[in-house]
Amino acid sequence: MRGAIKKCALAGVAIAAVYIELFTFWNYYLDDNTFAKENMLSVFLLIGLLYLYCRFIRVKDKTALICGAITGALFGLIMVIGNKLYLGSLEEIFVSLRSVIKYMVLLAGEILFGIQIFTLFYHFILTCELPESEYKLYEGKKKKYRVWIGMWLLMFLCHMPCYLSNFPGIMSYDSGWITRQALGIIPFDNFHPFLHTLIWTACIRLEQLLGIPQFGLVIYSLGQALIVTAMFTYIVYFMVQRKVNKIFVIVTWLFYAFCPNIVLFSLITTKDILLGVSVAGVVMLLLHIWEGIEGGEEKQKSKRTMIAFAVVGTFSCLLRNNMIYAMIAAGIIMILVCKSHRSFFCG
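Description of the structure in this document. Since we're looking at a predicted model, the values are computed, not measured. (Residues numbered from 1 in each chain as written. Predicted model: local features only at pLDDT ≥ 70, side-chain atom pairs only at ≥ 80, totals over all residues. Heavy atoms only, no water.)

Topic: the pattern of salt bridges
Operational definition: Salt-bridge detection follows one rule: a side-chain nitrogen of Lys or Arg within 4 Å of a carboxyl oxygen of Asp or Glu. Secondary structure elements follow DSSP: runs of H or I of four or more residues count as helices, runs of E of two or more count as strands, with numbering from the N terminus. Between buried and exposed lies partly exposed: a residue is buried under 20% and exposed over 50% of the maximum accessible area for its type, with that area taken using a 1.4 Å probe on protein chains only.
According to the stated counting rule, one finds one salt bridge in the structure shown. Here Arg320 and Asp272 are joined by a salt bridge, their closest N and O atoms 2.5 Å apart. Separated by 48 residues along the polypeptide, Arg320 in the loop between α13 (299–319) and α14 (323–337) and Asp272 in helix α12 (residues 271–295) bring together distant segments of the chain. Look at Arg320 and you get partly exposed, because its relative accessible area is 25%.

In structure tokens form, the structure reads like this:
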């Protein structure tokens with residue numbers, strides 16, 4: 001009898017959870033899409049959410065469940081509360097009791113959906129064992145570097161059709177402000193990151209020196225595309241070094257070379273592009289640091305890694321005013337997590 005009651009209770013919880021998630025999809029993601037809400041698509045959505053729930057309850061890994069719960073809760077808060085804060089309409093939640101209940105249900109639905117998705121993601125990461133691939137791209141250091149320089153330049157060339165169609169370059173929403181600063185029309189300030197403004201100013205000064213119209217935009221766009229594709233190529237190279245499955249390596253390179261958003265990302269003049277490259281560099285160096293700790297890396301190499309991390313982290317802070325808070329948080333976490341490996345940091 002107790003077993004039947006338990007099964008009924010679990011079934012009730014499942015139905016309630018799926019209904020809340022379905023309500024969230026209807027009122028958050030499909031609010032303006034009556035076609036999706038009034039036909040068989042809703043049925044397929046319901047089936048998909050039930051399947052997701054069934055997969056989720058089978059996960060027994062505590063690490064995946066804890067990480068998924070934390071990430072899912074943050075995801076829900078950002079999607080509902082964070083979105084309202086961003087739009088400056090947080091007061092809409094509290095206009096009436098009905099509104100409060102509605103947004104509480106939306107928040108619960110986002111959190112439930114996030115927990116399930118991220119728990120399954122962490123479970124996959126922690127349990128999957130992909131076969132290692134054997135790479136025969138090169139033999140010897142010289143040939144190795146030639147191959148990867150070729151892969152870098154090939155990715156750069158893949159971005160060029162987009163650039164030529166937007167020649168001489170793509171100005172961004174903050175380009176007007178920093179251009180006026182570069183031309184001396186308005187004084188310099190730190191509202192936009194000073195390093196990015198300085199780089200743009202150098203390009204403008206070079207254009208004025210040579211007397212070639214739009215040359216500053218051309219040299220900036222091409223230079224940035226070279227830097228971005230170099231970082232992307234290094235990420236692929238990092239994957240190859242760790243013998244990641246070839247399919248993932250190939251798909252990653254193709255994504256970086258041909259995804260329209262990524263291609264535009266490498267060309268537009270906003271400050272966020274160089275920041276994104278710097279953040280990618282910081283993440284890659286953090287991975288190197290962790291590998292050095294786990295693998296007992298020699299002191300000389302560990303010092304080089306730490307110096308590189310400090311340099312790239314400093315550039316990241318100069319390319320985004322609020323990046324310094326992320327670097328401080330990263331430093332604190334490194335100290336707490338790696339406190340038993342101080343010799344790695346101290347040499």
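Don't stop here, the text continues.
Some details on the nonpolar core
Applicable threshold: For our purposes a nonpolar core is just a set of buried Ala, Val, Leu, Ile, Met, Phe, Trp, Tyr and Cys residues, chained together by side-chain atoms within 4.5 Å. We call two residues in contact whenever any of their non-hydrogen atoms come within 4.5 Å of each other.
The biggest cluster of nonpolar side chains holds 21 residues, and the ones touching the most others in it are Met155, Phe232, Ile235, Val236 and Tyr256. Among the elements that make up this core, the one with the highest residue count is helix α9 (residues 215–241) (nine residues). Apart from residues lying up to four places away in sequence, Tyr256 is in contact with Met155, His159, Phe232, Ile235, Val236 and Ile262. In terms of nonpolar packing, the next biggest core, distinct from the first, is built from 18 residues, Leu195, Leu275, Val282 and Met306 among them.

Here we look at the packing of helix α10 (residues 246–258) against helix α11 (residues 260–267)
Note the cut-off: Structural elements are reduced to axes, namely lines fitted to C-alpha atoms, with helices fitted over the stretch in contact, and the angle between N-to-C directions of any two is expressed from 0 to 180 degrees. When describing relative orientation, an angle under 35 degrees is termed roughly parallel and one over 145 degrees roughly antiparallel, while 65 to 115 degrees is termed roughly perpendicular and anything else oblique. The nonpolar class holds Ala, Val, Leu, Ile, Met, Phe, Trp, Tyr, Cys and Pro. Asp, Glu, Lys and Arg form the charged class, and all remaining residues, Gly among them, are polar.
Interhelical geometry of α10 versus α11 gives an angle of 55 degrees and a closest axis separation of 5 Å. One element, α10, and the other, α11, form an angle in the oblique class. Here Phe255, Tyr256, Ala257 and Phe258 of α10 lie close against α11, whose contacting residues are Pro260, Ile262 and Val263. A class-by-class count of the residues in the contact of α10 with α11 yields seven nonpolar, no polar and no charged.

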